[in-house]
There are 2 protein chains.
Amino acid sequence: MKISSKVECGIIALVDICVNAPTENVVKVVNISQRQSISAKYLEQILPLLRHAGIIRSVKGAKGGYTLSRSASKITLAEIIDALDSSVLGQVSFEEKWDPLVTEALDDTLWSRMSALLRDHAHKISLSDLAGKYNGLVEDSISEPMYYI
Amino acid sequence: MKISSKVECGIIALVDICVNAPTENVVKVVNISQRQSISAKYLEQILPLLRHAGIIRSVKGAKGGYTLSRSASKITLAEIIDALDSSVLGQVSFEEKWDPLVTEALDDTLWSRMSALLRDHAHKISLSDLAGKYNGLVEDSISEPMYYI
DNA sequence: GAATAACCTATTGACTTACTATGAAAAGTA
DNA sequence: TACTTTTCATAGTAAGTCAATAGGTTATTC
């Protein structure tokens, strides 16, 4: 599987928002950019995709920023990925140039089934699952160096 | 899911070889090209991938062509796809620029599991499954017009 | 009205994809 | 041997996609 940078950055940014919204009220692009080493300009292009999909909400102007539009446990990975790049979980279809009967048969066994597998799996994972993992390891990464002092 | 033309053409060509090898002894690129409307030159680039993977065998020179290197029921879809484009079922990994601890956590939940789902599924399907579907529909498409006479 | 921060659109450079073209090498046929 | 057929190998190219940057606009706070 190949995953685009847009999807990767989008997921990481979203996890960052999820983790930091409680303490920062709204999360600014600049902060995500610094914490996650993603260009702010690039984020400005990616976050609107999540907003249009109703996953995050934005506040414009000074003191503005982003928050989740609902609880992280109610946001599925499938939804996130779809918002960022609909082709990842979307159905593949064979090109038109081939005999429709043949491609229909193959399609059913091959790509439709595969897309469905991915989608089903992504539907079972929530943003809070992802953020939980992230949080766990952030704590680890902070405490671990202590052992070496 | 996005699937490249190379993978599509490769699978269709392979099914063609599987179906026609019994009657043609060895299957020539020109014949596949005509039946499946794929440029012969393009096929000449794709079929060697399947040959290097040990899926088909070739006979050079006049009266040459391609055959399967073993029974179609012993050739898995996973093998075929890997031969044509290893990135489809291969593991995605997050880019290096991010905190390895974070990406490791997300990676595990996200892409590794997804790649594994695809691979497991593709491993359960054999070329004979695909060719069977194809054959069934080819028969249908031949007999169906008869109803309208 | 000055500062802040999201929003929107266009553009660029690098990379990938889907072919096409050219010719070599091998094997059968006469 | 000469000729034809067929795979094999590599190079090239045109179009498209992707990642990222840039410039300017709009909305909100103070």
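Above this text is the structure in question.
Residues numbered from 1 in each chain as written. Chains lettered and ligands numbered in written order. Predicted model: local features only at pLDDT ≥ 70, side-chain atom pairs only at ≥ 80, totals over all residues.

Visitor: Would you take a moment to explain the overall build of chain A for this structure?
Guide: Regarding its fold elements, chain A presents 6 helices and 2 strands. Listed by position from the N terminus, the elements making up chain A come as α-α-α-β-β-α-α-α. The burial tally for chain A puts 32% of its 149 residues in the buried class. For chain A, restricting intrachain contacts to residue pairs at least 6 apart in sequence, the fraction spanning at least 24 positions comes to 61%. (Helix = DSSP H or I, 4+ residues; strand = E, 2+ residues; numbered from the N terminus. Buried ≥ 20, exposed ≤ 12 C-beta atoms within 10 Å, placed from the backbone. Contact = placed C-beta atoms within 7 Å.)

Visitor: Explanation requested: the protein's contact with DNA strand C in the structure shown.
Guide: For DNA strand C, the set of nearby residues contains 24 residues, the closest of which are Val29(A), Ser58(A), Ser4(B), Ser39(B) and Gly61(B). Counting residues per element, the surface near DNA strand C draws most heavily on helix H3 (residues 40-52) of chain A, at 5 residues. (Near = placed C-beta within 6 Å.)

Visitor: Just checking my understanding: could you explain helix H4 (residues 77-84) of chain B for this structure?
Guide: All buried positions along H4(B) are accounted for by Leu77(B), Ile80(B), Ile81(B), Ala83(B) and Leu84(B). Projection of H4(B) onto a plane perpendicular to its axis shows the buried side chains occupying an angular sector of 160 degrees, all on one side. (Arc of directions from axis to C-beta.)

Visitor: Hey, could you run me through the packing of helix H1 (residues 5-24) of chain B against H4(B) in this one?
Guide: Relative placement of two packed helices is described by the angle separating their axes and the distance separating the axes. Residues and elements named next belong to chain B. Close contact between H1 and H4 brings their axes to 9 Å; oriented N to C, the two are set at 130 degrees. Accordingly, the angle class assigned to the pair H1 and H4 is oblique. In this structure, H1 crosses over H4, and the sense of that crossing is right-handed. Across from Lys 6, Val 7, Gly 10, Ile 11 and Leu 14 in H1, the residues of H4 making contact are Ile 80, Ile 81 and Leu 84. A class-by-class count of the residues in the contact of H1 with H4 yields 6 nonpolar, 1 polar and 1 charged. (Axes fitted to C-alpha atoms, helices over the stretch in contact; angles between N-to-C directions. Parallel < 35°, antiparallel > 145°, perpendicular 65-115°, else oblique. Left-handed = near helix turned anticlockwise from the far one by under 90°. Nonpolar A, V, L, I, M, F, W, Y, C, P; charged D, E, K, R; others polar.)

Visitor: Hey, could you run me through the environment of Leu47(B) in this one?
Guide: Structurally, Leu47(B) can be placed in helix H3 (residues 40-52). If sequence neighbours within four positions are ignored, Leu47(B) has contacts with Ala13(B), Val29(B), Ile56(B) and Tyr66(B).

Visitor: For this particular structure, what's the right way to read the protein's contact with DNA strand D?
Guide: Contacts to DNA strand D come from 25 residues, most closely from Ser4(A), Ser5(A), Ser39(A), Gly61(A) and Ser58(B). At the level of secondary structure, the elements contributing two or more residues to the surface near DNA strand D comprise helix H1 (5-24) and H3 of chain A together with H3 and strand E2 (65-68) of chain B. By residue number, the principal contributor to the surface near DNA strand D is H3(B), which donates 5 residues. When the residues that make up the surface near DNA strand D are grouped by side-chain class, the tally is 7 nonpolar, 10 polar and 8 charged.

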